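Structural overview
Each chain, letter by letter, is given below.
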Amino acid sequence: MASDSGKIRYGLIGTGAMGRGHIGALAHIDDAQIVAMADPHEPSQAEAQKELPEGVVVYEDYREMIAKEELDAVTVAIPNFRHADIVCDALEAGLHVLGEKPMATTMEDCDRVMKTVAATGKIYQVGLELRYSRLFKKVREIIASGEIGEVRQLWCKEFRGPWGIKVDQWITQKRMSGGTLLEKDCHHFDLFNWFVDKPPIRVCGFGTCDLVHGPERFHGVTPDVLDNAQVVIQYEGGAVANLLLCMYCEGHPGIEVGVIGTQGWLCANHRGANSHLEVKVRGTGETQQIDFTVPSDIRNISHSGLVYYEHLDFIECIRAGAQPMNDGRVGWWSTAVCLAAEEAVEKQFVVDVPQLG
């Protein structure tokens, strides 16, 4: 159902900060055309319209947009607890979907999305955009080559400032976001899953709300999500991954991800447009150093250009009828680890990760 020009016709569902990130990415892709948007929040609508070309039709209700517009695909960038319902509605309407992470806020909803994808045969891609980073693709390539041996230990360290302000402060309320470890760290748990390439088995962890959360910052809303945590994941085969997260460490540079194998180690520093990788193989000389720079024409697009790259993959998969790198299985496993981690921190005991049948 592509347009007369052959472009993929997009509808946007949700035009807050992340939705506008998709607008910026699509503006740089000649093969894409935004024809409609849907968002019930008028301020978000108004901000999005500043960045959209003339002629884009605006709706409050995404269901009306889906019914009235001739679309090929939609983006879904709305609060997490609504992801599954809207993704399923769009798939059942015959549309391909690039849905923001996380896949859902419950495993029951993840299973529902998986069944809908299978029943409709449409492309469903989950917005875990770190897999599109040249840095982390290189990490995966090195691991897969066997250069550092069998993966045994991994870590991810992100020390950053507090949450930004969102519509209705949904991101700080667990019933809407699913919790910090789901909303924030689905990216990092997904990297662990990708690098180990074996099922996660069990999780334990600790976390609290120490400093940054209070009604004075979030317009009268008292957050009930973590602002710091340490989580340990054990994988089939014995590899162990450790997440260290702090949301009140403003000014600390980037995200550090490390992997130790039986024959060496690597350490990746993800710092937006400029990233760095160190690799050391046992018995060799100096540590190898590799720098990565995002091209200047896309580095200011959402997530330092990664959203641009995920749309290129999405469009290519639509054209070819192929599965995206970040398909439903990837989203399912990421969510499974996150929700197990949230439960482990809350109950303070080891939690088994559900397994995908």
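Located above this text is the structure these notes cover.
Residues numbered from 1 in each chain as written. Predicted model: local features only at pLDDT ≥ 70, side-chain atom pairs only at ≥ 80, totals over all residues. Heavy atoms only, no water.

Another aspect to go through is the sheet that holds strand β3 (residues 57-59). Strand order across the open sheet formed by six strands is β3-β2-β1-β4-β5-β6, with parallel pairing between neighbours. Sheet topology places β3 and β6 (124-127) at the edges, where each strand pairs with a single neighbour. For this sheet the average axis-to-axis angle between neighbouring strands, irrespective of direction, equals 25°. Bridge count for strand β5 (residues 96-100) against β6 is four bridges, and the pairing is parallel. Within the sheet, the bridge partner assigned to L98 lies in β6 and is Q125. In the packing of helix α4 (residues 83-92) onto the sheet, contacts are made with β1 (8-13), β4 (73-76), β5 and β6, and the angle to β5 comes to roughly 170°. (Pairing = 2+ DSSP bridges. Helix = DSSP H or I, 4+ residues; strand = E, 2+ residues; numbered from the N terminus. Axes fitted to C-alpha atoms, helices over the stretch in contact; angles between N-to-C directions. Contact = heavy atoms within 4.5 Å.)

Next up on the list: the packing of helix α5 (residues 107-120) against helix α11 (residues 328-347). To characterise two packed helices, one gives the angle between the axes of the helices and the distance between these axes. It is the contact of α5 with α11, at a shortest axis distance of 10 Å, that shows an interaxial angle of 175°. As summarised for this structure, α5 and α11 are arranged roughly antiparallel, according to the angle between their axes. Residues M107, C110, D111 and M114 of α5 pack against G328, R329, W332, T335, A336 and L339 of α11. Taken together, the residues of the contact of α5 with α11 sort by class into six nonpolar, two polar and two charged. (Parallel < 35°, antiparallel > 145°, perpendicular 65-115°, else oblique. Nonpolar A, V, L, I, M, F, W, Y, C, P; charged D, E, K, R; others polar.)

On to the nonpolar core, then. Counting 89 residues, the largest nonpolar core has F136, F189, F195 and L277 as the members making the most contacts within it. The element that contributes the greatest number of residues to this core is α11, accounting for 11 residues. Leaving out residues up to four positions away in the same chain, L277 has contacts with L135, K138, V139, I142, L266, C267, A268, Q288, Q289, I290 and F292. With 26 residues, the next largest nonpolar core counts L52, V56, F314 and I318 among its residues. (Core = buried A, V, L, I, M, F, W, Y, C linked by side-chain atoms within 4.5 Å. Buried < 20%, exposed > 50% of the residue type's maximum accessible area, 1.4 Å probe, protein only.)

Turning our eyes to something else, we now look at the side chain of K101. Note on placement: K101 falls in the loop between β5 and α5. On the basis of relative accessible area, K101 is assigned to the buried category, the value being 11%. A polar contact is formed between the side chain of K101 and the backbone oxygen of E183, at a distance of 2.7 Å. Beyond its immediate chain neighbours, meaning those up to four positions away, K101 contacts N80, H83, V126, G127, L128, E183, C186 and H187. (Polar contact = N/O pair within 3.5 Å; in protein donor to acceptor, adjacent residues only side chain to side chain.)

Our focus in this paragraph is helix α1 (residues 17-26). Of the residues making up α1, those classed as buried are G19, G21, H22, I23, A25 and L26. On its buried face, α1 is in contact with β1, β2 (32-38), α2 (42-51), β4, β5 and α10 (306-320).

Looking now at the packing of aromatic side chains. A full pass over the atoms with the stated rule returns six aromatic pairs. With a centroid separation of 5.8 Å and an interplanar angle of 25°, the aromatic rings of W194 and F195 are classed as stacked. Like W194, the residue F195 is buried in the burial classification. Among the aromatic residues, ring-to-ring pairing joins F136, W194 and F195 into one connected group. (Phe/Tyr/Trp six-rings, centres within 6.5 Å; stacked < 30°, edge-to-face > 60°.)

Here the focus is unusual backbone geometry. The omega torsion across K101 and P102 is -10°, close enough to zero to call that bond cis. Non-glycine residue Q169 carries a positive phi angle of around 55°. Mapped onto the fold, Q169 is located in the loop between β7 (151-159) and α7 (174-177). The phi dihedral of Q348 falls on the positive side, at around 60°, and the residue is not glycine. Structurally, Q348 is set in the loop between α11 and β15 (351-352). Assessed through its relative accessible area of 60%, Q348 is described here as exposed.

This part takes up the packing of helix α6 (residues 134-145) against helix α9 (residues 186-196). The interhelical angle for the contact between α6 and α9, taken along N-to-C directions, is 30°, at an axis separation of 9 Å. As the angle between them shows, α6 and α9 are arranged roughly parallel. Between α6 and α9, the residues in contact are F136, K137, V139, R140 and I143 and L191, W194 and F195, respectively. Here the contact of α6 with α9 is built from residues that sort into six nonpolar, no polar and two charged.

Now for α4. In terms of burial, α4 is largely enclosed, as seven of its 10 residues are buried. Three or more residues of α4 are buried, namely H83, A84, I86, V87, C88, A90 and L91. For α4, the secondary structure elements touched by its buried residues are β1, α3 (62-68), β4, β5, α5 and β6. Backbone geometry just downstream of α4 places G94 in the positive-phi region, at approximately 85°.

With that out of the way, let us pick up the pairing of β2. The buried count for β2 comes to six of seven residues, which makes it a mostly enclosed element. Inspection of the sheet shows β1 paired to β2 by six bridges, in the parallel sense. Paired with G11 across the strands is A36, a residue of β2. Across three bridges, the pairing between β2 and β3 is parallel. Its bridge partner being in β3, M37 is matched across the sheet by V58.

Interpretation in functional terms is not warranted from these geometric data alone.
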